[in-house]
Amino acid sequence: FMLDKALKPGETAGENSIRQIELVSHTSTTAGYYFTKKSSTSNVQCEVTLAKDEDGWVAGSFWVVVTPADRWVGDLRPGMIAELKLENGVFSFRR
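Now for a look at the structure at hand.

**Digging into the overall build of the chain**
And step 1. Within the chain one finds zero helices and seven strands.
And step 2. Moving toward the C terminus, one meets the helices and strands of the chain in the order β-β-β-β-β-β-β.
And step 3. Taking all 95 residues of the chain together, 33% fall into the buried category.
And step 4. Summed over its atoms, the accessible surface of the chain is roughly 6,400 Å², and 50% of this surface lies on carbon and sulfur atoms.

**Some points on the sheet that holds strand 2 (residues 12-13)**
Paired through backbone hydrogen bonds, the strands of a sheet run either parallel or antiparallel to each other.
And step 1. Strand order in this open sheet of four strands is 2-5-6-7, and the pairing throughout is antiparallel. Both outer strands of the open sheet, strand 2 and strand 7 (84-94), are each paired with one neighbouring strand and no more.
And step 2. Summarising the sheet, strand 6 (residues 57-66) and strand 7 pair through nine bridges and their orientation is antiparallel. Bridging across to strand 7, V66 finds its partner in L84.

**Examining the packing of aromatic side chains**
And step 1. As enumerated under the stated definition, the model contains five aromatic pairs in all.
And step 2. Where F1 meets F62, the ring centres are 5.1 Å apart and the plane angle is 45 degrees; that geometry is what we call tilted. Taken together, the positions of F1 in the segment before strand 1 (2-3) and F62 in strand 6 put the pair 61 residues apart, joining distant regions of the chain.
And step 3. Pairwise contacts between aromatic rings join F1, F62, F91 and F93 into one cluster.
And step 4. The aromatic ring of W63 is capped on one face by K85, whose charged end is 4.7 Å from the ring centroid.

**Re unusual backbone geometry**
And step 1. Despite not being glycine, N16 shows a phi value in the positive range, around 70 degrees.
And step 2. Mapped onto the secondary structure, N16 falls in the loop between strand 2 and strand 3 (18-25).
And step 3. The exposure class assigned to N16 is buried, which follows from its relative accessible area of 12%.
And step 4. Unlike most non-glycine residues, N88 shows phi in positive territory, near 60 degrees.
And step 5. Within the secondary structure, N88 sits in strand 7.
And step 6. Look at N88 and you get exposed, because its relative accessible area is 73%.

Cut-offs used in this document
Residues numbered from 1 in each chain as written. Predicted model: local features only at pLDDT ≥ 70, side-chain atom pairs only at ≥ 80, totals over all residues. Heavy atoms only, no water. Helix = DSSP H or I, 4+ residues; strand = E, 2+ residues; numbered from the N terminus. Buried < 20%, exposed > 50% of the residue type's maximum accessible area, 1.4 Å probe, protein only. Areas by Shrake-Rupley, 256 points an atom, 1.4 Å probe, with all protein chains shown as cover. Pairing = 2+ DSSP bridges. Phe/Tyr/Trp six-rings, centres within 6.5 Å; stacked < 30°, edge-to-face > 60°. Lys NZ or Arg CZ within 6 Å of the ring centre and 35° of its normal.

Structural data, given as structure tokens:
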């Protein structure tokens, strides 16, 4: 999970605010490896809202569309889908 360094607390940013996201789904309906990264030929469909408190914690909410990745040739598990949309996601970290 990599965010655009230009994001500012208290603001909501759209497309490409998440620069890269990688995940492995273990559920049988979506099983497989998903990876999306901003590149010169593709954009990341997403939205991120950041907040920061006085103790240095940065928190946020997001949604993102993650596509299947070509990590291993021929690794098309039965549950792989064209896109995995994560909604109502949250994160926090300390600077």
